[in-house]
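# A closer look at the structure
Single-letter residue listing:
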Amino acid sequence: NAGVTQTPKFQVLKTGQSMTLQCAQDMNHNSMYWYRQDPGMGLRLIYYSASEGTTDKGEVPNGYNVSRLNKREFSLRLESAAPSQTSVYFCASSTDGNSNYGYTFGSGTRLTVV
Amino acid sequence: DQQVKQNSPSLSVQEGRISILNCDYTNSMFDYFLWYKKYPAEGPTFLISISSIKDKNEDGRFTVFLNKSAKHLSLHIVPSQPGDSAVYFCAASGGGYNKLIFGAGTRLAVHP
């Protein structure tokens with residue numbers, strides 16, 4: 001089915017290790033987002049890309065970097081993982097960044113940093 | 001400071017009865033509100049939305065009510081079904097190209 005694909009689904013990292021979370025969408029959407037979900041905190045925006053070639057910080061960008069590789073792909077990188085980055089990460093996309101139409105989410109990556 | 005608040009972490013309802021999920025917001029610039037539903041091990045999926053120019057929007061068993069003066073919205077599910085058991089997130093935006101702000105979620109359990 002068309003939609004947003006995230007890899008990997010699960011990952012355990014040691015403190016200080018680095019990794020990249022991959023996200024790809026096949027809906028020809030212009031805008032893409034990375035959120036993290038923590039208990040009692042809801043979904044918080046880490047970074048977003050309004051269009052290919054642009055990226056901007058969201059609410060909680062510290063400790064992360066992103067790359068909008070092309071229109072389809074938007075990756076999230078943890079350069080030096082910390083236990084506070086243990087979370088479930090969701091990638092999302094939307095047609096043109098207009099939030100009134102809602103976002104399409106991937107199924108998430110559950111990351112544990114020990 | 002959370003701009004979108006869902007103060008009830010959980011709700012339990014009997015099958016066939018009404019489920020009412022509540023959401024409060026603090027930012028008067030928000031003008032569009034959405035509800036998302038999330039099952040375990042899946043991403044959130046869009047459920048229903050409402051513009052601030054309306055006070056009610058209905059889609060089948062789901063109705064969202066907006067009270068702008070109280071900065072409060074609610075999602076009504078009638079009748080509730082076991083398949084409705086999920087976490088429900090309220091989200092808001094300043095309209096157009098502003099990013100969605102999510103609440104903490106309410107876990108709904110519908111039991112037979």
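Everything below is about the structure printed above this text.
A few points on the structure. Within each chain, residue numbers correspond to sequence positions counted from 1 in written order. Starting at A for chains and at 1 for ligands, labels are handed out in the order in which the entities are written. Where totals are concerned, whole chains, interfaces and linings use all residues; where local detail is concerned, this predicted model gives features only for residues with pLDDT of at least 70, and gives and counts side-chain atom pairs only at 80 or more. Side-chain numbers come from the whole structure's heavy atoms, not from hydrogens or water.

## Remarks on the overall build of chain B
Where we set the bar: Secondary structure elements follow DSSP: runs of H or I no shorter than four residues count as helices, runs of E no shorter than two count as strands, and numbering proceeds from the N terminus. C-alpha atoms define the radius of gyration in this analysis, and the globule rule sets the expected value at 2.2 Å times the number of residues to the power 0.38. Whether a residue is buried, partly exposed or exposed follows from its accessible area with a 1.4 Å probe, protein chains only, as a fraction of its type maximum: under 20%, in between, or over 50%, in that order. Working rule for contacts: check all heavy atoms of both residues, and any pair within 4.5 Å makes them a contact.
Check the secondary structure of chain B and you find 0 helices and 11 strands. Tracing chain B from N to C terminus, the helices and strands come up as β-β-β-β-β-β-β-β-β-β-β. Relative to the compact-globule value of 13 Å for 112 residues, chain B shows a C-alpha radius of gyration of 13 Å, a close match. Seen through its principal axes, chain B has C-alpha atoms that stretch 40 × 30 × 20 Å. Looking at chain B as a whole, 46% of its 112 residues qualify as buried. For chain B, the share of sequence-separated contacts (at least 6 apart) that also reach a separation of at least 24 residues comes to 54%.

## Here we look at the interface of chain A and chain B
In plain terms, the rule: Throughout, the accessible surface (probe 1.4 Å) given up by two parts as they are put together, summed over both, is called the buried area. Any carboxyl oxygen of Asp or Glu that lies within 4 Å of a side-chain nitrogen of Lys or Arg is treated as forming a salt bridge with it. Each polar contact in these results corresponds to two N or O atoms within 3.5 Å; when the atoms are within protein, one needs to be able to donate a hydrogen and the other to accept it, and residues that are neighboring in sequence are counted only if both atoms are side-chain atoms. Asp, Glu, Lys and Arg are counted as charged, while Ala, Val, Leu, Ile, Met, Phe, Trp, Tyr, Cys and Pro are counted as nonpolar; the rest, among them Gly, fall into the polar class.
Contacts between the two partners involve 20 residues from chain A, matched on the other side by 20 residues from chain B. Taken over both partners, the interface formed by chain A and chain B buries close to 1,600 Å², and the fraction arising from carbon and sulfur atoms is 57%. Here chain A is connected to chain B by 0 salt bridges. Where chain A touches chain B, the interface holds 4 residue pairs in polar contact (both at pLDDT 80 or more). Among the elements that take part in the side of chain A that touches chain B, strand β5 (residues 42–49) of chain A stands out by supplying 4 residues, more than any other. For the side of chain A that touches chain B, a count of residues per class yields 9 nonpolar, 10 polar and 1 charged.

## A few points about the pattern of salt bridges
Under the criterion given, the structure shown has 5 salt bridges over all chains. In this structure, aspartate 38 of chain A and arginine 44 of chain A form a salt bridge, with 2.9 Å as the shortest nitrogen-oxygen distance. Note on aspartate 38 of chain A: relative accessible area 11%, which makes it buried. The partner of aspartate 84 of chain B in a salt bridge is arginine 61 of chain B, with the nearest N and O atoms 2.8 Å apart. One end of the pair, aspartate 84 of chain B, is in the loop between β8 (72–77) and β9 (86–93); the other, arginine 61 of chain B, is in the loop between β6 (56–59) and β7 (62–67), and 23 residues separate them in sequence.

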